[in-house]
Number of protein chains: 2
Amino acid sequence: MTTNNTTAAVGFAEKNQARFVEELKALLRIPSVSTLPEHVGDVRRAAEFVAAELKRIGMENVRLIETSTDEEMIADAAGQTRVVPPRLGHPLVYADWLHAEGKPTVLCYGHYDVQPPDPLEEWKTPPFEPTERDGNIYARGAVDDKGQMWMHVKALESLMAAGGGKLPVNVRVIVEGEEEVGGEGIAAFVREHGEKLKADVALVSDTEMFAPELPTLCVGLRGMIYTEIEARGARTDLHSGMYGGAAPNPFVALAQVIAKLKDEDGKILIPGFYDKVEKPTDAELKAWKALSFDEEHYRETEVGSIALTGEPGYSVLERTWARPTLDVHGMPGGFTGAGAKTVIPAKAVAKVSMRLVPDMTPAESFMQYKAYVESICPKGIEVEVRLIHAGDAIVVSTDNEYVRAATAAMHEVFGKETVFVRGGGSIPIVGDFERELKIPTVMMGFGLPDDNLHAPNEKFHLANFHRGIESIVRFFARLGA
Amino acid sequence: MTTNNTTAAVGFAEKNQARFVEELKALLRIPSVSTLPEHVGDVRRAAEFVAAELKRIGMENVRLIETSTDEEMIADAAGQTRVVPPRLGHPLVYADWLHAEGKPTVLCYGHYDVQPPDPLEEWKTPPFEPTERDGNIYARGAVDDKGQMWMHVKALESLMAAGGGKLPVNVRVIVEGEEEVGGEGIAAFVREHGEKLKADVALVSDTEMFAPELPTLCVGLRGMIYTEIEARGARTDLHSGMYGGAAPNPFVALAQVIAKLKDEDGKILIPGFYDKVEKPTDAELKAWKALSFDEEHYRETEVGSIALTGEPGYSVLERTWARPTLDVHGMPGGFTGAGAKTVIPAKAVAKVSMRLVPDMTPAESFMQYKAYVESICPKGIEVEVRLIHAGDAIVVSTDNEYVRAATAAMHEVFGKETVFVRGGGSIPIVGDFERELKIPTVMMGFGLPDDNLHAPNEKFHLANFHRGIESIVRFFARLGA
């Protein structure tokens, strides 16, 4: 592709900014909430909307791929095994254009489903009536991920228009509709039909910039193990008046176990847990230190607690990006209604997860955790430790041509060096691409830290929408040069 | 009353056993769960059922007395005063028959409300479909306290029938509908209208026999404070991927607090908590030692855990009757569904109660507890410690004519000497009777240790239901002799 073509594509995108935003609004009006059965038709409508546009701009082999999940056996909160029947999922949208001979193939990933909008009363304007205010577009899904996915589509349209129906690289597009409900459908598809997504690199725009005006690539994600500890004491629920002082209490036991899992400074006490933790490189640490990050501002505006917690001696960024953590999410069992019920429950459960960092592995970490919990099980109590799900931690190398092309492209747009950050959460599909397709992922996202992801008043900064399109145009152009 | 009348009353009860049980079943079918707002109509229905029967058997002045709680001022964790508005309670059922001139007046107390039936799936037959199996009647409230309260009503009916509409003693009946939610309504009524319950002795049948065939009077009860600790961290629920390692976790905090409330041997760690604990008398300790009690059998058949817990150096009977204890009943908040949700909840609650023994007082014990919890509140967390309800511990004298009449009556029925025990639970009204009405209480109960009080498959041994009626008939006859 010639530089002229790139300039033409950027010009096309610039000239069509208003239309691109109007199209995005139309997509945002579709309440494609994947977790709510009453929106199943809306979710499909969003898939069809995306497919139609991919077809219109000249992509080929555009189709919806139906997904389904296998029958599953799960243990419920009461410890009973339940069968989750196989069920139809939300469709994947697939498209490709594979005529750039000798050029690399990019797999563009995004998702068209959104989180539920509750609590509705906290939205300033309705979640599915996209509204522009102060240079932002407010709507559920604005940044996560409809707006960012639409950048891919619009970058492809601009390149097609400038290239006379041709792209500078080969492209496959896969857009899922279950990201907010676990992404089982696409995971199964990648596992079973990986050859249909054959590519050299994946492009994911579902992350954020570290700060406005600061081009950012996400190059690491924490892994996780999500577990349940079930503590059983008496055979049946007992009255605390009659048996208090003799019968073991599973909640007290779980409290004693949890208090031994993590000390009051936030250090995890599981023997061997930190053995494989790899320190970020000096270059990374230096880069993170250079980032403008005000812990007090973060505490006040993002967390809202009276103090932050976590391991002493590590910055918030290190603690949330590069250190393993342990959290308790809920403790089902016993009496949870209003008022007083004096029961010593026969059993109680703690839902405990740990975030993992390279080079920890879910299998080893879970074994260490399980053995430790069993070893500290209080008197009179039997524990069962269950793994609910697991995901690998990921660090992508910054030393490859794709990352170099991405940073160069963003430098042209923002006039600044790209910062490399990590994310504290997991984007499981990135692990699937690495494991199943053996390809690296470029996580080039254009959200902002205050975009209210998963919360009321989600927004996308429109300048970033347009800069994102230009960055992707230039990224593709460089890969095809 | 003549011996002939007593024999006739006992005969009447015997002849009508089947009807008595059918009536009890009708009462047990009413799900009068006082703690659940959706059952407020059922609770009233149960009150009306009891009132109608008292009227039918010839009791006088039968009426429902509405209860309400006063406006209350409480101090929250931040030291701010909050107003708890006055609210309507569940009604008291009152009846009397006061024409036995020169004879003592007995105040019969019982309650028609029941505990919630959860967990429903553990009931072999539904909790509100009373079912007979192996000589027992299974239903929520079978023994606590509908079945035992019904013994009073049926003893009165039998005496009325035998005496031609006359009772051998004066009787007042007061049946409450809030025993399982703290009994505030009756406590206020006793405090404010004590003269309307003027009596010489109270009869309470809400306790159990030490062993089958062993007539038992309960002469001591533990008191209690039932509390909630609410722990608040972040302003809203947060994602554990993005914020794990920086945001405080209220469940972890509660676990740390609970682990410091009680050590692994069961010793409560609240400063000053044991200061007022009075040792049982040597005579009591000697009598308890003489009781046939096999801790291993108790562990195996009643508790069913792999080991018993509690303070070393005290027998199970001492630990459950004469030592304070601390239990956790439930920990609402966060995610309790099946599967994985990676939320760091903004807040979580622990429902914690303590059993008290003479001479501890609820007010002082709660203050010690609250101050201690606040002092050990983990970093980043704010706690609010709330008192849900409280009751005094009591010990009643065994040296009075009412206790002698009761033991003699039971000797006639069971052919055995009565044993004097304490109960680990609380019956707050006994303290109110002692303090406000200045009368002793005879706690003559006919439950059995394995009756599953407050648990699934609650039952009442039908032989004890009938022997209870006969015992009460003979007790009244002796008091009126």
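It should be emphasised that the depicted structure is a prediction, and the values quoted were computed from it without experimental measurement. (Residues numbered from 1 in each chain as written. Chains lettered and ligands numbered in written order. Predicted model: local features only at pLDDT ≥ 70, side-chain atom pairs only at ≥ 80, totals over all residues. Heavy atoms only, no water.)

**Q** Can you help me understand the overall build of chain A in this one?
**A** Helix and strand counts for chain A stand at 14 helices and 22 strands. Computed over C-alpha atoms, the radius of gyration of chain A comes to 24 Å, within 12% of the 23 Å expected from 2.2 N^0.38 for 481 residues, which places it in the range of a compact globule. In terms of overall dimensions, chain A has a C-alpha envelope of 85 × 50 × 45 Å along the principal axes. Each of the 481 residues in chain A was classed as buried or not, and the buried ones make up 61%. A separation of at least 24 residues holds for 79% of the contacts in chain A among residues at least 6 apart in sequence. For chain A, the accessible surface area stands at approximately 18,200 Å², while carbon and sulfur atoms represent 51% of it. A gap of 1 Å separates the mean positions of the 51 positive and 71 negative side-chain charges of chain A. (Helix = DSSP H or I, 4+ residues; strand = E, 2+ residues; numbered from the N terminus. Rg over C-alpha atoms; globule rule 2.2 N^0.38 Å. Buried < 20%, exposed > 50% of the residue type's maximum accessible area, 1.4 Å probe, protein only. Contact = heavy atoms within 4.5 Å. Areas by Shrake-Rupley, 256 points an atom, 1.4 Å probe, with all protein chains shown as cover. Lys, Arg positive; Asp, Glu negative; His and termini not counted. Charge placed at Lys NZ, Arg CZ, Asp CG, Glu CD.)

**Q** Would you mind showing me how to read the interface of chain B and chain A here?
**A** When the parts of a complex come together, some accessible area is lost, and that lost area is often used as the size of the interface. At the interface, 89 residues of chain B touch 82 residues of chain A. Summed over both sides, the interface of chain B with chain A buries roughly 6,900 Å², with 55% coming from carbon and sulfur. Where chain B touches chain A, the interface holds two salt bridges. Of the charged contacts, one joins B:K260 and A:E264 as a salt bridge, the two residues approaching to 2.8 Å between their closest N and O atoms. Across the chain B-chain A interface, the total number found is 40 residue pairs in polar contact (both at pLDDT 80 or more). The leading source of residues in the side of chain B that touches chain A is strand β15 (residues 325-334) of chain B, at nine residues. Here the residues of the side of chain B that touches chain A are counted per class, giving 37 nonpolar, 32 polar and 20 charged. (Buried area = accessible area lost by both parts, 1.4 Å probe. Salt bridge = Lys/Arg side-chain N within 4 Å of Asp/Glu carboxyl O. Polar contact = N/O pair within 3.5 Å; in protein donor to acceptor, adjacent residues only side chain to side chain. Nonpolar A, V, L, I, M, F, W, Y, C, P; charged D, E, K, R; others polar.)

**Q** In this structure, what is going on with the relation of the copies chain B and chain A? I would like to understand it.
**A** Copies of the same chain, two in number, are related to each other by a rotation about an axis and a translation along it. With an RMSD of 2.7 Å, the operation that places chain B on chain A is a rotation of 178° combined with a shift of 2.1 Å along the axis. Taken as a fraction of all interface residues of chain B, those also at the interface in chain A reach 84%, which identifies the copy contact as same-surface. (Least-squares fit on C-alpha atoms with pLDDT ≥ 70 in both.)

**Q** Is there a simple way to explain helix α5 (residues 184-192) of chain A in this structure?
**A** An α-helical turn contains 3.6 residues, so any two residues separated by three or four positions project in the same direction. All of the buried residues in α5(A) are A:G185, A:I186, A:A187, A:A188, A:F189 and A:V190. Taken together, the buried residues of α5(A) touch β1 (60-65), β6 (92-97), β7 (105-111), β10 (170-176) and α13 (428-437) of chain A.

**Q** Looking at this structure, I do not really get the sheet that holds strand β22 (residues 459-461) of chain A. What am I missing?
**A** In a beta sheet, neighbouring strands are held together by backbone hydrogen bonds and run either parallel or antiparallel to one another. Residue and element names in this part refer to chain A. Reading across the sheet, the three strands line up as β8-β9-β22 and stay open at both edges, with antiparallel pairing between neighbours. Two strands lie at the open edges of the sheet, namely β8 (131-133) and β22, each paired on one side alone. Each neighbouring strand pair of the sheet contributes to a mean axis angle of 25°, computed without reference to strand direction. Across three bridges, the pairing between β8 and strand β9 (residues 136-138) is antiparallel. Bridging from a neighbouring strand, E132 pairs with I137 of β9. Across the face of the sheet, helix α14 (residues 462-479) comes into contact with β8, β9 and β22 while running at roughly 60° to β22. (Pairing = 2+ DSSP bridges. Axes fitted to C-alpha atoms, helices over the stretch in contact; angles between N-to-C directions.)

**Q** Looking at this structure, how should I read the nonpolar core?
**A** Proteins that are soluble and globular tend to have nonpolar side chains buried together. Formed by 104 residues in total, the largest nonpolar core has its most connected members in A:L54, A:M59, A:F433, A:M444, A:F465, A:F475 and A:F476. Among all residues touching A:F476, those that are not within four sequence positions of it are A:V106, A:C108, A:L156, A:L159, A:P168, A:V169, A:V171 and A:L203. In this structure, B:F20, B:L167, B:A405 and B:L462 belong to the second largest nonpolar core, which totals 81 residues. (Core = buried A, V, L, I, M, F, W, Y, C linked by side-chain atoms within 4.5 Å.)

**Q** How do you make sense of the UniProt feature "domain: Peptidase M20 dimerisation" (unreviewed entry) in chain A when you look at a structure like this?
**A** This chain's UniProt record puts "domain: Peptidase M20 dimerisation" (unreviewed entry) on residues 220-379 of chain A. Along residues 220-379 of chain A, the helical share is 34% and the strand share 22%, with 42 Å between the first and last C-alpha atoms. (UniProt positions renumbered as here; feature names shortened; annotations may be inferred.)

**Q** Quick question: what am I supposed to make of the pattern of salt bridges here?
**A** Close approach of charged atoms lets side chains of opposite charge pair. Residue and element names in this part refer to chain A. Tallied over the entire structure, the rule returns 70 salt bridges over all chains. Residue E458 is joined to R140 by a salt bridge in which the shortest nitrogen-to-oxygen separation is 2.7 Å. Here the residue E458 occupies a position in the loop between β21 (441-444) and β22, and R140 occupies one in the loop between β9 and α4 (146-162), the gap between them amounting to 318 residues. R140 matches E458 in its accessibility class, with the two residues each being buried. Of the charged contacts in the structure, one is a salt bridge between R386 and E384, with a shortest N-O distance of 3.6 Å. Using a relative accessible area of 33% as the deciding quantity, one classes E384 as partly exposed.

**Q** Would you explain the pairing of strand β12 (residues 216-221) of chain A in this entry?
**A** Note on strand geometry: in a regular strand, side chains alternate between the two faces of the sheet. All names here are of chain A. For β12, the tally of buried residues reaches six of six residues, placing the bulk of the element in the interior. Strand direction decides the pairing type here: β12 and strand β20 (residues 419-423), joined by four bridges, are parallel. Across the sheet, C218 pairs through a bridge with V421, a residue of β20. Inspection of the sheet shows β12 paired to β21 by two bridges, in the antiparallel sense.

**Q** What exactly am I supposed to notice about helix α2 (residues 17-28) of chain B here?
**A** Residue and element names in this part refer to chain B. Helix length check: α2 (12 residues) gives 16 Å between terminal C-alpha atoms against 16 Å at 1.5 Å per residue, within 8%. Considered for burial, the residues of α2 that qualify are F20, V21, E23, L24, K25, L27 and L28. Where the residues of α2 are buried, they touch α1 (3-15), α3 (40-56), β8 (131-133), β9 (136-138), α4 (146-162) and α14 (462-480). (Expected span 1.5 Å × (residues − 1).)

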